[in-house]
Amino acid sequence: MSDTPETASATAPPVRITVAGTAGTDPYDVLIGHQLLGELPGLIGPKARRVAVVHPEALAGTGEAVRDDLAEQGYEAVAVQVPNAEEAKTAEVAAYCWKALGQSGFTRTDVIVGVGGGATTDLAGFVAASWLRGVRWIAVPTTVLGMVDAAVGGKTGINTAEGKNLVGAFHPPAGVLCDLAALDSLPANDYVSGLAEIIKAGFIADPVILDLIEADPEGARSPGYAHTAELVERAIRVKAGVVSSDLRESGLREILNYGHTLAHAIEKNERYRWRHGAAVSVGMVFAAELGRLAGRLDDATADRHRAVLGAVGLPLTYRGDQWPRLLETMKVDKKSRGDLLRFIVLDGLAKPTVLEGPDPAVLLAAYGEVSA
């Protein structure tokens, strides 16, 4: 990975990152820049007649504006409003979307556009994957988390009472538009939460990300930071590089789950009231301690997790009395294999690997290090 990537500015043309097609899927581009909605009709293409704009309640105005713009372009556009955040990722909401598509006469050549955070694009992609066994969709993420994680890679899904993202499909988008201007209106806590996924990319693949954040952690907490575009781009390049070689998580892609095994258990335990990035932050501190206790990770890199995550205001601990419940949830995590728990740990900075079936005592000791 280059140490000096081309980064997007308000006046420069968008940065274009291509995600290679694998497993019979087509390649697609992730565009990073400003004022990108003009790119949407080109991604939708001339074959589509109808477009469904799936958006959360919090972005009702944005969703309607996108629908109106597409209608002016000659498409039969409909806005489909869904609940905010993780409340949208249910079978009931997916069924509501299917009903809207059916009532609109959606065919195989029509297109779904998901506008919103990671939960919205997860839902929109899953609805696209399941309608008529797969229609094209385009992601327009409006959060840091959506841009660097959820909208890139083709993983779509919804939650169930048993866990997060247990129902889903691999269905890559036809394109992703990351308009950095959307981050300016993002609530501060949501912005900081998204930094967890950027920091994850730094630990597993691109340490320059960590250097940029450590240089000015207070500045990095805001979209006005001089290196915001570079941080977003670097994180997307990490994910694009991984998923280009492993769409269906049969090998390399597992490294993107760093910190996520415990994180998903925390989210379920909190009934998805915790932000994803906050849970991932605790999950990464846990994974670092697990790696250290297993004799895989050096003290300096393990300690760096707490320093970087804490410096931008992300949580480092969770309730100690919840370990039995978290452990049971992790046993049904989609990364587990039979009765074996699997965790991504580090053998060193940017050296992710799999730790399978760790000793229960080591797991408990690692959790003790993140217990509040």
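Further up the page is the structure itself.
These remarks concern the structure in this document. As the structure is a prediction and not an experimental result, all values here were calculated from the model.

1. A closer look at empty space enclosed by the protein
Rolled over the atoms, a probe as big as a water molecule pinpoints where empty space is left. Using the criterion set out here, one finds five cavities of 30 Å³ or more in the structure. The computed volume of the largest cavity comes to approximately 70 Å³. As for the largest cavity, its lining consists of ten residues, of which Gly163, Lys164, Leu166, His264 and Asp333 are closest to the centre. Counting only elements with at least two residues in the lining of the largest cavity, the list comes to strand 8 (163-170) and helix 10 (260-269). Of the residues contributing to the lining of the largest cavity, the split by class is three nonpolar, three polar and four charged.

2. Quick notes on the nonpolar core
The biggest cluster of nonpolar side chains holds 100 residues, and the ones touching the most others in it are Val30, Ile112, Leu123, Ile198, Ile199 and Phe286. Counting residues in hydrophobic clusters, the runner-up holds 18 residues, among them Leu40, Val111, Val115 and Ile138.

3. Here's the deal with the environment of Pro83
Locating Pro83 in the fold gives a position in the loop between strand 4 (76-82) and helix 3 (91-104). Classification of Pro83 by relative accessible area gives partly exposed; the value is 27%. Between the C-alpha atom of Pro83 and that of Glu57, which follows or precedes it by 26 residues, the distance is 5.6 Å. Non-local contacts of Pro83, meaning those with residues more than four positions away in its chain, are made with Pro56, Ala88 and Val93.

4. Remarks on unusual backbone geometry
One non-glycine residue, Asn165, lies in the positive phi region at around 60°. Backbone geometry places Tyr272, a non-glycine residue, at a positive phi of 60°. Examined against the element boundaries, Tyr272 turns out to sit in the loop between helix 10 and helix 11 (276-293).

5. Quick look at the sheet that holds strand 5 (residues 111-116)
With mixed pairing, seven strands are arranged side by side in an open sheet as 1-2-9-6-5-3-4. Looking at which strands have only one partner, the edges of the open sheet turn out to be strand 1 (15-19) and strand 4. Across the sheet, the mean angle from the axis of one strand to that of its neighbour is 15°, orientation sign disregarded. Against the sheet, helix 4 (residues 118-130) makes contact with strand 3 (50-56), strand 4, strand 5 and strand 6 (136-141), and its axis sits at roughly 170° relative to strand 5, the strand it touches most.

6. Some words on the packing of aromatic side chains
A complete count under the given rule lists six aromatic pairs for this structure. Taking the centre distance of 6.4 Å and the plane angle of 50° together, the rings of Trp98 and Phe126 count as tilted. Of this pair, Trp98 sits in helix 3 while Phe126 sits in helix 4, and the two are 28 residues apart along the sequence. Residue Trp98 is classed as partly exposed on the basis of its relative accessible area, which comes to 28%. Geometrically, the ring pair formed by Trp274 and Tyr318 is edge-to-face, given 5.3 Å between the ring centres and 85° between the ring planes. Residue Trp274 is located in the loop between helix 10 and helix 11, and its partner Tyr318 is located in the loop between helix 12 (299-311) and helix 13 (323-330); the two are separated by 44 residues in the primary sequence. Residue Tyr318 is classed as buried on the basis of its relative accessible area, which comes to 3%. Through pairs of rings, three or more aromatic residues link up here, namely Phe286, Trp323, Phe343 and Tyr367.

7. As for the side chain of Ser193
As for its placement among the helices and strands, Ser193 is situated in helix 6 (residues 188-204). For Ser193, a relative accessible area of 7% corresponds to the buried category. Sequence-distant contacts of Ser193, defined by excluding residues within four places in its chain, comprise Arg275, His276, Gly277, Ala278 and Leu314.

8. What to know about the pattern of salt bridges
By the definition in use, this model includes 28 salt bridges. In this structure, Asp110 and Arg50 form a salt bridge, with 3.2 Å as the shortest nitrogen-oxygen distance. On the criterion of sequence distance, the pair formed by Asp110 in the loop between helix 3 and strand 5 and Arg50 in strand 3 is long-range, its members being 60 residues apart. Residue classification places Asp110 among the buried positions, given a relative accessible area of 0%. Between Glu356 and Arg342 there is a salt bridge, and its shortest N-O distance comes to 2.6 Å. Linking Glu356 in strand 11 (residues 352-356) with Arg342 in strand 10 (residues 342-346), this pair joins segments that are 14 residues apart in sequence. The network of salt bridges with common partners includes Glu86, Lys89, Asp122, Lys164 and Glu267.

9. With respect to the pairing of strand 5
For strand 5, a buried count of six out of six residues is recorded, marking the element as mostly surrounded by other parts of the structure. Strand direction decides the pairing type here: strand 3 and strand 5, joined by four bridges, are parallel. By the bridge assignment for strand 5, Val53 is matched with Val113. Alignment of strand 5 against strand 6, held across six bridges, turns out to be parallel. Paired with Val113 across the bridge in strand 6 is Ile138. For the crossover that starts at strand 5, traverses helix 4 and ends in the parallel strand 6, the hand is right-handed.

Scoring rules and cut-offs
Residues numbered from 1 in each chain as written. Predicted model: local features only at pLDDT ≥ 70, side-chain atom pairs only at ≥ 80, totals over all residues. Heavy atoms only, no water. 1 Å grid on protein atoms, 1.4 Å probe; cavity = no way out; pocket = protein on both sides within 12 Å on 5 of 7 lines; lining within 4 Å. Points joined across faces, edges and corners; volume = space filled by probe spheres on them. Helix = DSSP H or I, 4+ residues; strand = E, 2+ residues; numbered from the N terminus. Nonpolar A, V, L, I, M, F, W, Y, C, P; charged D, E, K, R; others polar. Core = buried A, V, L, I, M, F, W, Y, C linked by side-chain atoms within 4.5 Å. Buried < 20%, exposed > 50% of the residue type's maximum accessible area, 1.4 Å probe, protein only. Contact = heavy atoms within 4.5 Å. Pairing = 2+ DSSP bridges. Axes fitted to C-alpha atoms, helices over the stretch in contact; angles between N-to-C directions. Phe/Tyr/Trp six-rings, centres within 6.5 Å; stacked < 30°, edge-to-face > 60°. Salt bridge = Lys/Arg side-chain N within 4 Å of Asp/Glu carboxyl O. Right-handed = clockwise from strand over helix to strand, strands pointing away.

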